[in-house]
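# A look at the structure
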Amino acid sequence: MGRMIGIDLGTTNSLATYIDDNGEIQFVKNEYGNILIPSVVGIDENDGIIVGELAKERRMMNAGETASNFKRRMGTEAKIKVKNRTFDAQMLSSFVLKHLKESAEKQLNEKIDRAIISVPAYFNDKQRKDTKIAAELAGLTVERLINEPTAAALSLGSHILDQNLKFIVLDLGGGTFDVTLLETFEDIMEVISISGDTMLGGEDFTTKICEIFLKNIGLSISDLSRDERTNLYTKADRAKKLISLKDVEIELEIKGKDYKAEITQADFRVAVKPLLVKIKVAIDKALQDGNTDAREIEKVVLVGGAVKLGIVEEFVEKYFNKMRGEKTYFDNTDFIEGNKLVSIAQNPDTVVAYGVGVTVGMKERNKAFKERILTDVCPFTLGIEVIGQRFAPIIPRNTTVPTSKSEYFSTVEDNQTIIRIAIYQGESLNINDNLFLGEFEINVPRNNAGNEKVNVRFTYDINGILEAEATAMSTGEKRNKLIINGDLSEEEKNERIKTLEEIKIQSENQNKDKLLIERANRIYAEIVNTEIRNYVSEYLENYQMIVRTGDRIRIQKVKKEFSAFLDKIDPELNDLSVDDILRDIDEKEEDGAVEEEDELEFWN
């Protein structure tokens, strides 16, 4: 049996963790030494699959050849076209998981075949099933799916978990939002209720900036090509990180014409109000389901990359302090460390992955991890269809799991001999608005309507396995249906794996050489200034010429200088004006940063 890792499969970025020989949680690094792996998949010019940074860099110039944000399509039948191929969200996610698995195997020099994977707390059964299927296709057996906010809570450490504390975790990631109400006491962490929105995340805040820009220049999204849309989205995402500090400006070339527009903080606040309302609705629901007053909350922990948006923290502080009848503060210096009600987790991007690592340690019974009792809840109501296409709940949402509950149901027609048990998940009285999970039948003797009864029992465990059992009361006959997240028949599994094997995966060395080239292409596309573009073009042309020689020593030497140059001008790393960039380049040339001998070697 191979080793187990923990995985945070994210909308924007994904991470993996493992337990080292000292019982410490470590992050898996990819071939570039990074732990945050962009959840982006692409097909390159040789029809090979590329994952992570390389795919992300290619996205701006080759939008039709990459796919991202596909986590939002888990649980759907949506098909995603990437270049000349069509995938579903399962398959694209499997590429990311396989990339993490192979990176871990290289780092640890041993086989990885098991994983604990975090999922949004509000993922339904189909979305969880798709996640497990994606893992199977990547060669991983899923030991457990853990809700992301629960994993985040596990990572917070003894200063929170050793207290008797009622707190709430708000997890705003790239594409999903989760609310989890928890309580800790005597080494027990109990999830009281969960809520959320699987279509709300940082990506939506980025989209609002795109909408403001297009409105200001008098164009609509339909006026832009696919590559131009991707270019705009990339710049808007970068602007989103600065909008909390100041007004920002976006410059974009559309159909050969340069457009420039200012995005003000005031405009941004107005545009994102509907998103903040969605956050409020989800928090309200979690508190209501948990029979908890906001005044009972002793700590609010913000996790996920999108919580770094100042407006999110500000909104949450206003919400809870208003509900508690207290003054609202926005300056962290007004609080004694650790006593602030609302706080952003120390590492909001990595806290979930770290918590999954804690879960791995507990699962393996590693002595370095203090044993804790962790209880979770059923995220959606589970029930069956009754007459009139109505939904009859058996296990209400936010019931602590594992659990087993039953209800009695009767025949509805005279001489009825079969009762069909159709299982659904959801919150609507109309079964058509809920998620169908499966069905089975049980025989009953002929009798008058209402005289034959069956007891339907649902048993649901912490891994999301549901057993539905029906017992005919007059005969004692039993029938059941086991619903397990992630089941694939051997035939289906082999067929999907065969498809994967037919797709070429690019080698690590090829990817390393190409990443810098794709990064330069992306920067060239983003920067409108002709003079800077000329610098990039000249550097790129000469670097590609040296790469073609295959001289690894020479390539590494030139790569270092080229990387340093790109670091200076990359809009993703710097908020510099055109004048600032040109001044830096001029100063470098005046200082003779590159000795003449090295400079000649570079240009030759």
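Now for a description of the structure that goes with this document.

Conventions we followed
- Residues numbered from 1 in each chain as written.
- Predicted model: local features only at pLDDT ≥ 70, side-chain atom pairs only at ≥ 80, totals over all residues.
- Heavy atoms only, no water.
- Helix = DSSP H or I, 4+ residues; strand = E, 2+ residues; numbered from the N terminus.
- Buried < 20%, exposed > 50% of the residue type's maximum accessible area, 1.4 Å probe, protein only.
- Areas by Shrake-Rupley, 256 points an atom, 1.4 Å probe, with all protein chains shown as cover.
- Pairing = 2+ DSSP bridges.
- Axes fitted to C-alpha atoms, helices over the stretch in contact; angles between N-to-C directions.
- Parallel < 35°, antiparallel > 145°, perpendicular 65-115°, else oblique.
- Left-handed = near helix turned anticlockwise from the far one by under 90°.
- Contact = heavy atoms within 4.5 Å.
- Nonpolar A, V, L, I, M, F, W, Y, C, P; charged D, E, K, R; others polar.
- Expected span 1.5 Å × (residues − 1).
- Salt bridge = Lys/Arg side-chain N within 4 Å of Asp/Glu carboxyl O.
- Core = buried A, V, L, I, M, F, W, Y, C linked by side-chain atoms within 4.5 Å.
- Lys, Arg positive; Asp, Glu negative; His and termini not counted.

### Brief notes about the overall build of the protein chain
Helices and strands together make up the secondary structure of the protein chain, namely 17 helices and 29 strands. Among the 604 residues that make up the protein chain, the fraction classed as buried is 54%. By element, 45% of the accessible surface of the protein chain is carried by carbon and sulfur atoms, the whole surface being about 27,700 Å².

### Focus on the sheet that holds strand β12 (residues 165–172)
Pairing within the open sheet is mixed, and its 7 strands lie in the order β18-β17-β12-β13-β14-β19-β22. Either end of the sheet is taken by a strand with one partner, and the two such strands are β18 (342–344) and β22 (400–401). One ladder, built from 5 bridges, connects β12 with strand β17 (residues 299–303); its direction is parallel. Residue pairing in the sheet places Leu170 in a bridge with Leu302 of β17.

### Quick word on the packing of helix α2 (residues 89–108) against helix α3 (residues 125–137)
A pair of packed helices is characterised by two quantities: the angle between their axes and the separation of those axes. Direction vectors running N to C along α2 and α3 enclose 50 degrees, while the axes themselves pass 8 Å from each other. With respect to α3, the element α2 is oriented oblique. The interaxial crossing formed by α2 with α3 has right-handed handedness. Residue-level contacts link Gln90, Met91, Ser93, Ser94 and Leu97 of α2 to Lys126, Asp130, Ile133, Ala134, Ala135 and Leu137 of α3. Partitioning the contact of α2 with α3 into residue classes produces 6 nonpolar, 3 polar and 2 charged.

### Digging into helix α14 (residues 530–549)
Between its first and last C-alpha, α14 extends 29 Å over 20 residues, near the 28 Å set by a 1.5 Å rise per residue. Those residues of α14 that fall on the buried side of the exposure criterion are Ile532, Arg533, Tyr535, Val536, Tyr539, Leu540, Asn542, Tyr543, Ile546 and Val547. Positioned one or two residues after α14, Gly550 has a phi angle of 75 degrees, which is positive.

### Thoughts on the pattern of salt bridges
Under the criterion given, the structure shown has 30 salt bridges. Across the pair Glu296 and Lys166 runs a salt bridge, and its minimum N-O distance is 3.3 Å. Remark: Lys166 occurs in strand β12 and Glu296 occurs in the loop between α9 (273–289) and β17; sequence separation between them is 130 residues. On the basis of relative accessibility, which here comes to 13%, the residue Lys166 falls in the buried class. Here Asp567 ties to Arg519 by a salt bridge, and the two come within 2.8 Å at their closest N and O atoms. Of the two residues, Asp567 is situated in helix α15 (residues 552–569) and Arg519 in helix α13 (residues 508–526); the sequence distance between them amounts to 48 residues. Given the relative accessible area of 12%, Arg519 is considered buried.

### Describing the nonpolar core
Core analysis: the biggest nonpolar cluster contains 52 residues, and Ile168, Phe205, Phe213, Val300 and Phe320 have the highest contact counts within it. Residues in contact with Phe205, not counting those within four places in the same chain, are Leu172, Lys240, Phe268, Val272, Leu275, Leu276, Leu309, Ile311 and Val312. Core analysis: the next-biggest nonpolar cluster, separate from the first, contains 39 residues, Ala16, Val51, Leu97 and Ile117 among them.

### Overview of the environment of Asn216
Within the fold, Asn216 resides in helix α6 (residues 202–217). Separated by 43 residues in sequence, Asn216 and Tyr259 have C-alpha atoms that sit 9.8 Å apart.

### Comments concerning the packing of α6 against helix α7 (residues 226–240)
Where α6 meets α7, the axes come as close as 8 Å, and the angle between the chain directions of the two elements is 110 degrees. Considered as vectors, α6 and α7 are oriented roughly perpendicular to each other. Contact residues: Gly202, Glu203, Phe205, Thr206, Thr207, Ile209, Cys210, Phe213 and Leu214 in α6; Leu232, Tyr233, Ala236, Asp237, Ala239 and Lys240 in α7. Of the residues assigned to the contact of α6 with α7, the class counts are 9 nonpolar, 3 polar and 3 charged.

### Considerations on the side chain of Asp8
Tracing the sequence through the fold places Asp8 in strand β1 (residues 3–8). Despite its burial, Asp8 remains without a salt bridge, the nearest opposite charge being carried by Lys71 at 5.1 Å.

### Here's the deal with helix α11 (residues 351–363)
In this model α11 runs 18 Å from its N-terminal to its C-terminal C-alpha over 13 residues, within 8% of the 18 Å that 1.5 Å per residue would give. Burial within α11 is extensive, with 11 of its 13 residues counted as buried. Buried within α11 we find Val351, Val352, Ala353, Gly355, Val356, Gly357, Val358, Thr359, Val360, Gly361 and Met362.

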